[in-house]
Amino acid sequence: MTAIPAVQPTGAHRGRQAANRRFSLPEDAPRWERPALAAVLAVATVLYSWGIGHAALHPFYGAAIRSMAGSWRAFFFGGLDAGGSISIDKLPGAFWPDAISVWLFGPHTWAAALPQVVEGVLTVWLLHRIVRAWSGPFAALIAALVLTLTPVTVALNRATIPDTTLTLLLVAAAGALQKAVRTERLLPLITCGIWVGLAFQAKMLQAWLVLPVFAAVYQLVAPGAPLKRALRLLLGGAVALAVSCFWILIAWATPAANRPYLDGTSDNNPFALVFGYNGLSRFSSDSTAFGAVAGTAASRTTGNTGWDMLINDTVGPQVAWFLPLAVLATVLGVARRVGRPRTDLTRAGFLLWGGWLAMHGLVFSVSNGNHAYYTAVIAPALAALAGGGLALFRSEYEAKYAAELEPGDKPKQEPRDAQEPEPGYEQETWYQLGWDPRYDPEPRGEPEQEAEPAAEHAATGRRHLTLPAAIALTAAWALVLDWPTRFVSWLLPVAVMLALCGVVGLWSRGPRTSPRMVHAALAAGIAATLVVPAGWAVSGLDPLYAGATASPMAGPVGKSYSEHPHRAPRRRGLDRPSARDAALLDYLTTHRRGEKYLLAAQAAYAAEPLLRAKSEPILVMGGFTGSTPFPTAQQLGSLVTAHQLRYALLTTERPTTPTTTWVKSHCTRIRPTAYGLRTDGSFTLYDCAPQR
């Protein structure tokens, strides 16, 4: 017979194969891994998207998203209104996906919130891949579960706030750094800088908090000569700086007449927006540092700071469920790798995620105040450390009992399907130790022989007890965090029973204990650590326990719940005006006579509901705080004289400014009955048309 030659893969085939390897699990992955990951991603999708039609749109950012969807000028510069008169008080990068979604699907609440859901699920998936490459499939599954069920993550991914985008991009940066350390290639390090720069577009200086940690880990762990590592770090840092500052430089170079006034600044300077209003003023006693506009009670929070902010009654239940386990994993993960080569990847992972956690905790503790949702950025670090720590403790636990087994004492083998849910425990042990060369795209030579003899395992004393102790500690800590509110007290007995089953089962293991019993005990222990935070996370689906739209959180904590403990705060989405707003918009539209602006509103507080209901040029006087010096009284008068503006809406909820004083002295108050209302509440409408 004539042999048929094998078809050689072409370049296109090789490219597709490489792409498949990047976005799928290895062919010899444990059988349970794919369905388990799919289940976790399905849970994340449900939690983040449930009731998306009534998502918690931030009043300020929701208004900007609708305006950005209708104007390219407003889109690029983050204009608060469709006319692009004034920007939001942040960089616009985090809202570009939301605005594109609204542009594609229309002004619907679900369209504005959809990108947040996608970003949240992507973060879970990406963290799974990163932790898997570091510590194996068991650690990756735990990390994905912990991140999915972190209460603040659920609350945030159901809102339109920049921290979701920030978290996704920083996790991507951590993955690129990990690859750079593992492969000794320059491109992943450059990619890491790009991801950090893009994260800067989402949350500005907060994106740079990871840079010292990334630099230290790379310099300490990456292969190569010290000078080579330092030069590569400089190049990666330059890329991060360039990508971070590209929007700032474009805004700085654009003439002021061709872009919106930058909210939060006293001099319309983009550097003041980033480094002053959103930078130094949040840490110093000078609220006007570097050209910033002084913050108000509406724009600044003063709580949740100090060394214990991560474990207080408000922030603790949002994010800190695995904090003791993460700290324990970091300390033991580093200490127990002492004596290993400098390039040890397992230790590098603990340094990376532990440094991420420590740096953010330090900065949050010394700031002037933090919203609880700010801490969502540390959730990936806590999840990775929980997964990596439990994997390390499990490997030590299994090694202890494997060393004690004599050849004649091995338990009776059960069929693989009944005994072991995954093919080949020996393969997974490599994952737990931190590296399997089969899944390393470019292995650095042969792995060093780290399999320790039985005598050395015996000399480690009681290390095998760390696994049940860590489970007991984490379950007990959950009771501590829930105790002040006893919010999910009905779940506490479940957690205690699961923890007892897990700890006792693992602690009492003997030479003849079947693997099935050990796996059941481990599963019970892990479930015990997750059940209470899961209860808090699911509560975020109820608007009563989801916090305010401007400060999402889960559970019966926070200012919104304390003020209205039995009534969910009202949510107004896109294109759904209240009766008052609809009546006002109808009056203004009917009496409009070609003016450029439909209305001048005092501060974003007065303009937000109108902008969410209808995309129109509305001159927002004073920006978010009401104190930004735009427009001046002279500019407002010129607009009125040029018939570019007729009506002005003032509110008693924001401070008086020279511009509002001009309105009161030059314009005529309109009675609310003129547009169908009996009272105008805290708002007053004025007609500034010149009297004839």
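Here, every reference points to the structure presented above.
None of these values were measured; they are calculated from a predicted model. (Residues numbered from 1 in each chain as written. Predicted model: local features only at pLDDT ≥ 70, side-chain atom pairs only at ≥ 80, totals over all residues. Heavy atoms only, no water.)

Draft legend 1. Looking closely at the overall build of the protein chain. Within the protein chain one finds 28 helices and seven strands. For the protein chain, buried positions account for 57% of its 692 residues. For the protein chain, contacts bridging at least 24 residues in sequence account for 73% of all contacts bridging at least 6. Only carbon and sulfur atoms are counted for the fraction: they give 63% of the accessible area of the protein chain, which is about 28,800 Å². (Helix = DSSP H or I, 4+ residues; strand = E, 2+ residues; numbered from the N terminus. Buried < 20%, exposed > 50% of the residue type's maximum accessible area, 1.4 Å probe, protein only. Contact = heavy atoms within 4.5 Å. Areas by Shrake-Rupley, 256 points an atom, 1.4 Å probe, with all protein chains shown as cover.)

Draft legend 2. Expanded view of empty space enclosed by the protein. Counted under the stated rule, the structure contains eight cavities of 30 Å³ or more. What the largest cavity holds in volume is close to 120 Å³. Together, Ala133, Trp134, Gln178, Val181, Arg182, Val217, Leu345, Ala348, Gly349 and Leu352 line the largest cavity. Contributing elements (two or more residues each) for the lining of the largest cavity: helix H6 (109-135), helix H9 (163-183) and helix H16 (345-366). At four residues, H16 tops the list of elements feeding residues into the lining of the largest cavity. Along the lines of polarity and charge, the residues of the lining of the largest cavity split into seven nonpolar, two polar and one charged. Put simply, the second largest cavity is a space of about 90 Å³. Together, 13 residues line the second largest cavity, and Thr123, Leu147, Thr153, Asn157 and Thr167 are the ones closest to its centre. Of the residues belonging to the lining of the second largest cavity, the class tally is six nonpolar, six polar and one charged. (1 Å grid on protein atoms, 1.4 Å probe; cavity = no way out; pocket = protein on both sides within 12 Å on 5 of 7 lines; lining within 4 Å. Points joined across faces, edges and corners; volume = space filled by probe spheres on them. Nonpolar A, V, L, I, M, F, W, Y, C, P; charged D, E, K, R; others polar.)

Draft legend 3. Fine view of the state of the cysteines. Taken as a whole, this structure holds one disulfide when the rule is applied. In this model cysteine 667 forms its disulfide with cysteine 688; the gap between the sulfur atoms is 2.0 Å. Taking the sign of the torsion about the S-S bond as the criterion, the disulfide between cysteine 667 and cysteine 688, at about 100°, is right-handed. You can see cysteine 667 sitting in the loop between helix H28 (658-666) and strand E6 (668-670) and its partner cysteine 688 sitting in the segment after strand E7 (683-687), a full 21 residues away along the chain. A residue is classified by how much of its surface remains accessible, and cysteine 688, at 5% relative accessible area, is buried. (Disulfide = S-S within 2.5 Å.)

Draft legend 4. Broad picture of the packing of helix H2 (residues 33-49) against H6. One can describe the packing of H2 onto H6 by two numbers: an axis separation of 9 Å at closest approach and a directional angle of 150°. The angle between H2 and H6 places the two elements in the roughly antiparallel class. When you trace H2 past H6, the crossing you get is right-handed. Taken together, the residues of H6 that come into contact with H2 (itself represented by Glu33, Leu37, Val40, Leu41, Ala44, Thr45, Tyr48 and Ser49) are Val117, Gly120, Val121, Val124, Trp125, His128 and Arg132. Counted by class, the contact of H2 with H6 contains nine nonpolar, four polar and two charged residues. (Axes fitted to C-alpha atoms, helices over the stretch in contact; angles between N-to-C directions. Parallel < 35°, antiparallel > 145°, perpendicular 65-115°, else oblique. Left-handed = near helix turned anticlockwise from the far one by under 90°.)

Draft legend 5. Here's a closer look at the pairing of strand E5 (residues 647-651). The element E5 is largely enclosed, with a buried count of five among its five residues. In E5, alternate side chains face the same way, and those of Tyr647, Leu649 and Thr651 on one face and Ala648 and Leu650 on the other are all buried. Bridge count for strand E3 (residues 599-602) against E5 is two bridges, and the pairing is parallel. When the bridges of E5 are listed, alanine 601 appears paired with leucine 649. Where E5 and E7 come together, five bridges link them in antiparallel fashion. Bridge pairing links leucine 649 to leucine 685 in E7. (Pairing = 2+ DSSP bridges.)

Draft legend 6. Representation of unusual backbone geometry within the structure. The omega angle of the peptide bond from phenylalanine 630 to proline 631 is -10°, so this bond is cis rather than trans. Of note, the phi angle at glutamate 184 is positive, near 65°, even though the residue is not glycine. Among the structural elements, glutamate 184 can be located in the loop between H9 and helix H10 (187-203). Under the relative-accessibility criterion, glutamate 184 is labelled partly exposed at 31%.

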